[in-house]
Amino acid sequence: MRIIMSEWHQVERRMGLEITVDDVNDVYPDMTAEEVEQRYEELKSGEYAVEDFIGDAENQDIYFDWDWLDEDDWWTMRKGGYDVTYEVEDTEDD
């Protein structure tokens with residue numbers, strides 16, 4: 001018989017992306033330079049939702065290369081707060 005323990009974690013993975021005015025221009029090629037600069041400032045200030053910007057990029061078939069910010073050091077592995085379940089497998093030949 002084998003006992004299997006499963007840990008059920010909630011995980012946060014953090015990734016970062018540096019966005020430049022040129023990136024904004026790539027996503028919105030029909031905007032003027034002034035409009036692109038304005039959209040960039042709106043992104044910085046939170047007036048324009050990042051989720052919308054990323055969606056707009058994907059609509060233009062632009063996919064960004066995100067940088068990993070974290071190692072696999074899950075908070076719940078260090079702090080608890082996760083569920084544990086056990087399961088028994090029959091490994092004997094009958």
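Residues numbered from 1 in each chain as written. Predicted model: local features only at pLDDT ≥ 70, side-chain atom pairs only at ≥ 80, totals over all residues. Heavy atoms only, no water.

Moving on: helix α2 (residues 33–45). Compared with the 18 Å implied by 1.5 Å per residue over 13 residues, the 18 Å span of α2 between its first and last C-alpha is a close match. Where α2 is buried, its residues touch α1 (21–27) and α3 (50–59). G46, located one to two residues past α2, shows a positive phi value of around 90°. (Helix = DSSP H or I, 4+ residues; strand = E, 2+ residues; numbered from the N terminus. Expected span 1.5 Å × (residues − 1). Contact = heavy atoms within 4.5 Å.)

Next up on the list: the confidence of the model for the protein. For the protein, the average pLDDT comes to 81, and 68% of its residues sit at 70 or higher. The secondary structure element of the protein with the lowest average pLDDT is helix α4 (residues 75–79), at 61, and the one with the highest is α1, at 96. (pLDDT = per-residue confidence, 0-100.)

In this section: the pattern of salt bridges. Using the criterion set out here, one finds 2 salt bridges in the structure. One salt bridge in this structure joins R39 and E42, with 3.1 Å as the shortest N-O distance. Pair noted here: R39 and E42 are both in helix α2, with a separation of 3 residues, about one helical turn. On the basis of relative accessibility, which here comes to 15%, the residue R39 falls in the buried class. (Salt bridge = Lys/Arg side-chain N within 4 Å of Asp/Glu carboxyl O. Buried < 20%, exposed > 50% of the residue type's maximum accessible area, 1.4 Å probe, protein only.)

Time to look at a nonpolar patch on the surface. On the surface, M15, W66 and W68 cluster together into a nonpolar patch covering about 350 Å² of accessible area. Here W68 is to be found in strand β3 (residues 67–68). (Patch = residues over 30% accessible without salt bridge, like charges linked within 9 Å, V, L, I, M, F, W, Y side chains within 5 Å. Areas by Shrake-Rupley, 256 points an atom, 1.4 Å probe, with all protein chains shown as cover.)

Turning next to the nonpolar core. Counting 11 residues, the largest nonpolar core consists of V24, V27, Y28, V36, Y40, L43, Y48, F53, I54, A57 and F64. Those elements that place two or more of their residues in this core are α1, α2 and α3. In this structure A57 touches V27, I62 and F64, once residues within four positions along its chain are discounted. (Core = buried A, V, L, I, M, F, W, Y, C linked by side-chain atoms within 4.5 Å.)

Bringing α3 into the picture now. Every buried residue of α3 is listed here: F53, I54 and A57. Along the axis of α3, the buried positions cluster into a sector of 95°, meaning they face one direction only. More than 90 degrees from the buried face of α3, the exposed residues found are E51 and N59. Positive backbone phi, at 60°, marks D61, one or two positions downstream of α3. (Arc of directions from axis to C-beta.)

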